[in-house]
Amino acid sequence: MEYGKISNPKVKVAIEAWQKGDTTLWLSFFTTDAQLLDDGHSRDFRKFSTEAIGHERFTSIDKVEDNGMSVYGYFHSDIWGDFKTYFKFHLDDTGRFDKLEIGQASY
């Protein structure tokens with residue numbers, strides 16, 4: 001996996017934690033009340049994280065935008081198959097992620 005494309009160091013280590021299936025480390029980068037939007041629809045962030053990590057992962061990172069805060073690439077889900085996706089991270093004033101937007105991408 002080409003993590004070097006991810007220019008934001010916090011996003012980079014969060015994605016690395018996701019890819020390794022390290023739920024505890026992944027969640028440590030987020031506020032306790034972090035929001036999740038999945039294709040624009042609100043979901044339970046913690047439930048999503050604990051259910052998806054280890055079963056879903058990027059298979060490539062194709063592009064990074066928004067000063068390293070938005071990551072696009074091919075993604076594999078044991079349930080949904082393979083598709084293009086995005087993860088868009090939002091930081092709060094304390095430097096932790098308070099919102100994650102995910103969804104299918106077309107690029």
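Scroll up a little and you will see the structure.
Residues numbered from 1 in each chain as written. Predicted model: local features only at pLDDT ≥ 70, side-chain atom pairs only at ≥ 80, totals over all residues. Heavy atoms only, no water.

A.B. asks: Help me out: how do you make sense of the packing of aromatic side chains in this one?
C.D. replies: Any two aromatic rings considered together are summarised by their centre-to-centre distance and by the angle between their planes. Tallied over the entire structure, the rule returns 19 aromatic pairs. With centroids separated by 4.8 Å and ring planes inclined at 45 degrees, the aromatic side chains of Trp 26 and Phe 30 adopt a geometry described as tilted. By the burial criterion, Trp 26 is buried, and Phe 30 matches it. Judged by centre distance (4.9 Å) and plane angle (50 degrees), the rings of Phe 89 and Phe 97 are tilted. (Phe/Tyr/Trp six-rings, centres within 6.5 Å; stacked < 30°, edge-to-face > 60°. Buried < 20%, exposed > 50% of the residue type's maximum accessible area, 1.4 Å probe, protein only.)

A.B. asks: Is there a simple way to think about helix H3 (residues 45–52) in this case?
C.D. replies: Burial in H3 covers these residues: Phe 45, Phe 48, Ser 49 and Ala 52. Down the axis of H3, the smallest arc covering the buried residues is 95 degrees, so these residues share one side. In this fold, the buried residues of H3 make contact with helix H1 (9–20), helix H2 (23–28), strand S1 (30–38), strand S2 (41–43), strand S3 (56–58) and strand S7 (97–104). Just beyond H3, the residue with positive phi is Gly 54, at close to 95 degrees. (Helix = DSSP H or I, 4+ residues; strand = E, 2+ residues; numbered from the N terminus. Arc of directions from axis to C-beta. Contact = heavy atoms within 4.5 Å.)

A.B. asks: Even after reading the chapter, I still don't get H1, so can you show me in this structure?
C.D. replies: One full turn of an α-helix is made of 3.6 residues, so residues set three or four places apart face in the same direction. A rise of 1.5 Å per residue sets the reference length of H1, with its twelve residues, at 16 Å; its end C-alpha atoms lie 17 Å apart and thus fit the reference within 8%. All of the buried residues in H1 are Val 11, Ala 14, Ile 15, Glu 16, Ala 17, Trp 18 and Gln 19. Two or three places before Lys 10, at the start of H1, stands the capping residue Asn 8, its side-chain oxygen 2.9 Å from that residue's backbone nitrogen. Within two residues after H1, Gly 21 carries a phi angle of roughly 75 degrees, on the positive side. (Expected span 1.5 Å × (residues − 1). Polar contact = N/O pair within 3.5 Å; in protein donor to acceptor, adjacent residues only side chain to side chain.)

A.B. asks: Got a minute to help me understand the pattern of salt bridges in this structure?
C.D. replies: Oppositely charged side chains can form a pair if their charged atoms are brought close together. Overall, the coordinates contain three salt bridges when judged by the stated rule. As a salt-bridge pair, Glu 16 and Lys 12 come within 3.4 Å of each other at their nearest N and O atoms. Residue Glu 16 and its partner Lys 12 are both found in helix H1; the two are separated by four residues, about one turn of the helix. (Salt bridge = Lys/Arg side-chain N within 4 Å of Asp/Glu carboxyl O.)

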